Amino acid sequence: MIINIVNSFFQMIVNNLISSFGNLISLEKESKRFQVFKEINMLSFMFYSVVTVGFILLFNPVISLCFGSNLTLPIIVVVLLSISNYILSQIKEKCNEFL
C-alpha cells in the first residue's frame, strides 16, 4: 500500500509532464527533445533509487512504530519488494516515455 501511494504520487507528476511534450515536439528541434528526454529519464532514475533505498531502510521501523514489532517483515522480503518495485517502475516509466 505504501509503495502504491509513492508510485501514484510520482506518476501524477510524470503525467503532468507528458502533457507538455506536445508543445515540445511541435516547437523544438530533435536535439532539444532528446535532451529533455534524458533529463526526465535521469530524474525518474534518481527518484526511484532514493525511494528504493528509503523503503529498505525505513519500511520495518515504520511498521514497528505504527503496528508493533511483531508485524515486521524479514529484511530479505523488504529488499525483494523494494527491488521488484524499482524494476517494475523503471519499465513502466520507459513504456510511458515511448508511447
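**Let's talk about the side chain of S89**
(1) Moving on: Structurally, S89 can be placed in helix α4 (residues 75-98).
(2) Moving on: Only 2.7 Å separates the side chain of S89 from the backbone oxygen of N85, close enough to count as a polar contact.
(3) Moving on: Excluding residues that lie within four positions of it along the chain, S89 makes contacts with N7 and Y48.

**What to know about the packing of aromatic side chains**
(1) Moving on: Here the structure, examined in full by the defined rule, presents two aromatic pairs.
(2) Moving on: Ring centres of F34 and F37 lie 6.2 Å apart, and the angle between their planes is 25°; on these two criteria the pair is classed as stacked. Within this pair, F34 and its partner F37 are both found in helix α3 (residues 30-67), separated by three residues, close to a single helical turn.
(3) Moving on: You can call F37 partly exposed: its relative accessible area is 24%.
(4) Moving on: Seen in terms of ring centroids, F47 and Y48 are 5.3 Å apart; in terms of plane orientation they differ by 75°. Their pairing is edge-to-face.
(5) Moving on: Of the residues examined, F47 reaches a relative accessible area of 23% and is grouped as partly exposed.

Calculation rules
- Residues numbered from 1 in each chain as written.
- Predicted model: local features only at pLDDT ≥ 70, side-chain atom pairs only at ≥ 80, totals over all residues.
- Heavy atoms only, no water.
- Helix = DSSP H or I, 4+ residues; strand = E, 2+ residues; numbered from the N terminus.
- Polar contact = N/O pair within 3.5 Å; in protein donor to acceptor, adjacent residues only side chain to side chain.
- Contact = heavy atoms within 4.5 Å.
- Phe/Tyr/Trp six-rings, centres within 6.5 Å; stacked < 30°, edge-to-face > 60°.
- Buried < 20%, exposed > 50% of the residue type's maximum accessible area, 1.4 Å probe, protein only.

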